[in-house]
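A closer look at the structure
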Amino acid sequence: MAEQALEGLKVIEYGNLIAGPYCTKTMAALGAEVIKIEPPEGDEARRMGPFLNDVPHHERSGLFLYMNVNKLGVTLNLRTRAGMKIFHELIKDADIFVENNTPQVANELGIDYPSLKEINPKLIMTSITPYGQTGLYRNYKAHDLNLIHSGGFAYINGDPDNEPVKPGGQQAGYVSALKAAAATMCALYYRGQTGIGQHVDISMQEVVISITEGTIGMWSCGRSIRRREGSQFPGIPFISLYPCKDGYIGAAAATPPQWKGFLEMLGNPDWLSDPNYESIAYRMFQYNDLMAHEPKLKDWLAQRNKLDIYHTAQSKHVPYCPVLDIEELVNHPQLDALGFFLDIEHPETGKLKYPGWPFTLDETPWVVSRSAPLLGQHNVEIYCDRLGYSKQDLRILRETGAI
Amino acid sequence: MAKRALDGLRVADFSWIETGPYLTQYLVENGAEIIKIESMKRIDMVRQVMGPVEVSPFERGVNMGGMFSEMHRDKLSCTLDLTHPKGVELTKEIIKISDVIVENFPPRVMKNFGLDYDVVKEIKPDIIYLSMPGFGSTGPEMDYVSFGTIQVCLTGLAHLNGYVDGPPIRPPTSYGDPTNAMFGAFLILAALDYRRRTGKGQHLETVLWTSVSAVLGEIIMDYTMNSRSQTKMGNRDSSMAPHGCYRCLGENQWVSIAVGSDDEWKVFCHAVGHPEWLEWEMFVDSLSRWKNQSALNLLIEQWTGQLTPYMVTYILQRAGIAAAPSFTNEELIHNPHLDSRGFWFEPDHPALGKRIVPGLNWRLSETPGEIHRGGPLLGEHNDYVFGELLKMPKEEIDRLVAEEVIY
């Protein structure tokens, strides 16, 4: 096996659902050893679907399985003294600790940064919380829904006369996990130079704000409130989604070469013959005039299939793309060529197809070394073989609720 | 200036539009030096997006893009015509003194410039070179044109975006650009740790398309496990109810509320002053509430409709229920919580003046990031890059400007 980028890095995760677990999953993919600590009842993701064959089972949650590939799993009750002692032994030897509990819970448990820094001064600790470690809302409760709304993403998403709407899935959790992974590596870089550890504070609300793309700028440059506009791109004609014969197509022609290709695709219609239209600024200036012609474009698209439009447009370097549903996505030839999906064997589910990673490293390729851990699967390996507890100790710890 | 995490790291940044520029923004605020290599011959189109309203779009030129300034704050700009051999030669000199390269073109472009990884590693063997092609660098569609805000259609996210039973709605941002940037930043910094230990550089690649599909993991798993192709859920959850967005007092004012367990439901009913709902058969357990959520939502909206989003949030959070307003950009800028965290920055820019920008992407306790000034004017740092860094005499720089190599 080739060397791995994060080989030898020791990561401890006390994470739940997505934000903490997906953050450490990225590190595990690059060869870091990630020990996932779960409370005795397990990560909440184990009780959340989708489940294999729709039958709830704590080892068959697709969410949990996807989040925890490549990790070692132990159970530990941080609310017991013995549990906390073991936790400290793990932290002592770790490079990175990732958690996504609210600051209040972290303090109650004693897993706050000042406490852990005393045990391991070089530790990098990453906390992913709804509203950050400080500020008026730091103890506010939030689900993914609330953060998409409080981060300003929902307000600009949806139809003007309908309510603000969240996108599919649990996006606040995922993007926060990714920001946290990059931030943790940034702290690791600094530690590599200086030997100094630190605390990384990720506010999920702030991460959501950072993906609202130009929305803050609309206020700071134009003093205007950005509102919901359905699929229409603000201010630029013909960037939108349109129905076609068998679904929907995403439409855009931005640069001058793209605009030329777009005209060619439509057969150079008279209504777009003004050569000034080649400039995107002019098209924005003439927004209303151009949009009066939109029905003609819609007619043209409605008579064709989405894949035909896609390939024709792309052959002319026009960035049209069809709206793919999940089935079409999983079976798309380009993703097959990229090797995006992979099969992973798991004792409770057998072999399943998982999404892989959207990246490659030519010198240190990412790996899949194991499927998500069963609840407490590596207790013996970590507690006995690594920390030196006996099987007898383990029995007592289990019976007293510490692991 | 305080110490920053990435002090001393230099990036030769060929990226443009959004995904690469987002990535280098994360690095610049933590102390990396980002040299954006651009040209009059291929203007980053974001340089012309979102200018100040008081200036007509035709008079803004290439230095008044508000969005460009936000995305490129604190970066340096030098201009080089990469279609000119001398431009490529000078680029190689910049690469020799850099640690990282970031580019987000289709695979053919850097090759055409003669600056692909195989060439670059000969002159700078330990370079960390990140490519960010929209469709990847292999496969039947590798040369297709990526435009983030539309490419999201391919990822599954557009199909899932919208209201229950409604048509797909284009996500309001080019979702893949920042997501892909986060993957890329993670990769570069991990590869730098590998380089620290081994001295080896490498070629990295992130793909915009799959960056978005990867964050739909459990939805894709539902298909691969159960052959179910999920569709739009609006603000609903697959098991929680109530879980939605409700109209409040005022024009276009909204609040989001999510209630999980039976215990939370009890607390919620008391908090909203309707303990009688606890007795109603249609809401008696989580399954009944989920099945009858349309009726439930109407009742909740009668309550929220009399209050502002802030009042609803205050009442529910005090009781321990997850609620939050659906904030507008203006409300966020004036939000007391973000204010108390010092989130907003207002960097100065020579052509735009002071403009508020979203603040630090992450917060490090020992080496906090910094934001000082807006984005660079086109070629603003030519003297620094060619004069100070490459130590070229002034006459030579002037000559190359006249010859439109530095252009």
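Small disclaimer: the values here were computed from a predicted structure and weren't measured. (Residues numbered from 1 in each chain as written. Chains lettered and ligands numbered in written order. Predicted model: local features only at pLDDT ≥ 70, side-chain atom pairs only at ≥ 80, totals over all residues. Heavy atoms only, no water.)

Section: the packing of aromatic side chains
Residue and element names in this part refer to chain A. Applied cut-off: Centres within 6.5 Å make a pair out of two Phe, Tyr or Trp rings, where for Trp the six-membered ring is used; the pair is then stacked when the planes are under 30 degrees apart, edge-to-face when over 60, and tilted otherwise. Note on exposure labels: buried denotes an accessible area under 20% of the residue type's maximum, exposed denotes more than 50%, and partly exposed covers the range between, all computed with a 1.4 Å probe on protein chains only. Here, a charge over a ring is recorded when the distance from Lys NZ or Arg CZ to the ring centre is within 6 Å and its angle to the ring normal is within 35 degrees.
This structure, assessed with the given rule, holds 31 aromatic pairs over all chains. On the numbers, 5.9 Å between centres and 45 degrees between planes, the contact of Tyr-277 with Tyr-282 is tilted. Assigned by exposure class, Tyr-277 and Tyr-282 land together as buried. An aromatic cluster is built from Phe-238, Trp-259, Phe-262, Trp-271, Tyr-277, Tyr-282, Phe-285 and Tyr-320, whose rings are joined through pairwise contacts. The ring of Trp-357 has Lys-25 sitting right over it, with the charged end atom 5.0 Å from the ring centre. For the cation-ring pair, Arg-223 lies above Trp-219, with the distance from its terminal atom to the ring centre recorded as 4.3 Å.

Focus: the sheet that holds strand β9 (residues 322–325) of chain B
Residues and elements named next belong to chain B. How we decide: Criterion used throughout: strands pair if DSSP finds at least two bridges between them. Strands are runs of DSSP state E lasting at least 2 residues, helices are runs of H or I lasting at least 4, and numbering of each runs from the N terminus. Every angle, taken between N-to-C directions, lies between 0 and 180 degrees, and every axis is a line fitted to C-alpha atoms, over only the stretch in contact when it is a helix. Throughout, a residue-residue contact means that at least one pair of heavy atoms, one from each residue, lies within 4.5 Å.
The strand order across the open sheet built from three strands is β7-β8-β9, with neighbouring strands paired in antiparallel fashion. The two strands at the open ends of the sheet, each matched to only one other strand, are β7 (243–247) and β9. Taken over all neighbouring pairs, the strand axes of this sheet differ in orientation by 20 degrees on average, direction set aside. As paired strands, strand β8 (residues 254–258) and β9 are joined by four bridges and run antiparallel to one another. Residue Ala-258 lies in a different strand from β9, and its bridge partner there is Ala-322. Each of β8 and β9 is contacted by helix α14 (residues 309–319), which is oriented at about 165 degrees to β9, the strand it contacts most.

Some words on the packing of helix α7 (residues 171–194) of chain A against helix α8 (residues 176–198) of chain B
Note the cut-off: Should an angle lie under 35 degrees it is considered roughly parallel, over 145 roughly antiparallel, and from 65 to 115 roughly perpendicular; all remaining angles are considered oblique. Helix crossings are classified by the rotation of the near helix relative to the far one: an anticlockwise turn of less than a right angle makes the crossing left-handed, while a clockwise turn makes it right-handed. When residue character is reported, Ala, Val, Leu, Ile, Met, Phe, Trp, Tyr, Cys and Pro are called nonpolar, Asp, Glu, Lys and Arg charged, and the others, Gly included, polar.
α8(B) packs onto α7(A) with a crossing angle of 25 degrees between their chain directions and a minimal axis gap of 8 Å. When the axes of α7(A) and α8(B) are compared, the pair comes out roughly parallel. In this structure, the crossing between α7(A) and α8(B) has a hand that is left-handed. Touching Val175(A), Leu178(A), Lys179(A), Ala181(A), Ala182(A), Met185(A), Cys186(A), Leu188(A), Tyr189(A) and Gly192(A) of α7(A) are Thr179(B), Met182(B), Phe183(B), Ala185(B), Phe186(B), Leu189(B), Ala190(B), Leu192(B), Asp193(B) and Arg196(B), all from α8(B). Looking at the contact of α7(A) with α8(B) residue by residue, the class counts come to 15 nonpolar, two polar and three charged.

Description of the confidence of the model for chain B
Quick reminder of the rule: How sure the predictor is of each residue is captured by pLDDT, a score from 0 to 100.
Of all residues in chain B, 100% attain a pLDDT of 70 or more, and the chain-wide mean is 96. Scored by ipTM, the complex comes to 0.98, with pTM at 0.98.

Digging into the side chain of Thr313(B)
Filter applied, for reference: Any N or O atom pair separated by 3.5 Å or less is treated as a polar contact, with the protein-specific requirement of one donor-capable and one acceptor-capable atom, and with residues adjacent in sequence counted only for side-chain atom pairs.
Along the chain, the position of Thr313(B) falls in helix α14. The class for Thr313(B) is buried, based on a relative accessible area of 4%. Within the structure, the side chain of Thr313(B) is placed 2.7 Å from the backbone oxygen of Pro309(B), a separation counted as a polar contact. The residues touching Thr313(B), leaving out its near neighbours within four places in the chain, are Tyr140(A), Val255(B), Ala323(B), Ala324(B) and Pro325(B).

Observations concerning the pairing of strand β10 (residues 341–346) of chain A
Residues and elements named next belong to chain A. Taken together, the six bridges between β10 and strand β11 (residues 350–355) define a ladder with antiparallel strand orientation. Bridging from a neighbouring strand, Ile-344 pairs with Leu-352 of β11. The turn linking β10 back onto β11 is made up of three residues.

Digging into the sheet that holds strand β3 (residues 72–75) of chain A
Spatial ordering of the open sheet is given by β3(A)-β2(A)-β1(A)-β4(A)-β5(A)-β6(A)-β10(B), a layout of seven strands whose pairing is mixed. Of all strands in the sheet, those with a lone pairing partner are β3 of chain A together with β10 (363–364) of chain B, marking the two edges. Two strands pair when backbone bridges link them, and strand β2 (residues 33–38) of chain A and β3(A) are joined in this way by four bridges, in the parallel orientation. Within the sheet, the bridge partner assigned to Lys36(A) lies in β3(A) and is Gly73(A).

Some remarks on the interface of chain A and chain B
We count it as follows: Buried area is a sum: the accessible area each of two parts loses on coming together, probed at 1.4 Å, counted once for each and added. The term salt bridge refers to a side-chain nitrogen of Lys or Arg lying within 4 Å of a carboxyl oxygen of Asp or Glu.
Facing the 157 residues of chain A at the interface are 146 residues of chain B. The largest share of the area that chain A buries against chain B comes from Tyr189(A), Glu213(A) and Ile326(A), three residues that together contribute 6% of it. Between the two partners, chain A and chain B, sit seven salt bridges. Across the pair Arg341(B) and Asp201(A) runs a salt bridge whose closest N-O atoms are separated by 3.1 Å. Between the two partners, chain A and chain B, sit 66 residue pairs in polar contact (both at pLDDT 80 or more). The element that contributes the greatest number of residues to the side of chain A that touches chain B is α7(A), accounting for 16 residues. Classifying every residue of the side of chain A that touches chain B by side-chain character gives 84 nonpolar, 52 polar and 21 charged. In this sheet, strand β6 (residues 202–206) of chain B lies alongside strand β12 (residues 359–361) of chain A in antiparallel orientation, the contact comprising three bridges. Note on β6(B): the bridge partner recorded for Leu361(A) is Leu204(B).

A short note on the nonpolar core
Stated formally: Joining through side-chain atoms within 4.5 Å is the link that ties buried Ala, Val, Leu, Ile, Met, Phe, Trp, Tyr and Cys residues into a set, and such a set is a nonpolar core. Each domain's extent was defined by an automatic or database domain assignment.
The biggest cluster of nonpolar side chains holds 149 residues, and the ones touching the most others in it are Leu6(A), Tyr22(A), Leu30(A) and Met185(A). Broken down by element, the residue count for this core peaks at 15 residues, all from α7(A). Here this core spans two domains, and each of domain 1 (10–211 + 337–399) and domain 2 (240–325) of chain A adds at least three residues to it. Among residues more than four places away in sequence, those in contact with Tyr22(A) are Tyr66(A), Met67(A), Tyr174(A), Ala177(A), Leu178(A), Trp357(A), Phe183(B) and Ala214(B).

Topic: the pattern of salt bridges
Residues and elements named next belong to chain B. Per the stated rule, a full pass over the model turns up 44 salt bridges over all chains. For the salt bridge of Glu-370 with Arg-4, the shortest nitrogen-to-oxygen distance reads 3.7 Å. In this pair, Glu-370 sits in the loop between β10 and α17 (382–389) while Arg-4 sits in the segment before β1 (10–13), placing the two residues 366 residues apart along the sequence. For the salt bridge of Lys-124 with Asp-126, the shortest nitrogen-to-oxygen distance reads 3.3 Å. For Lys-124, a relative accessible area of 15% puts it in the buried group.

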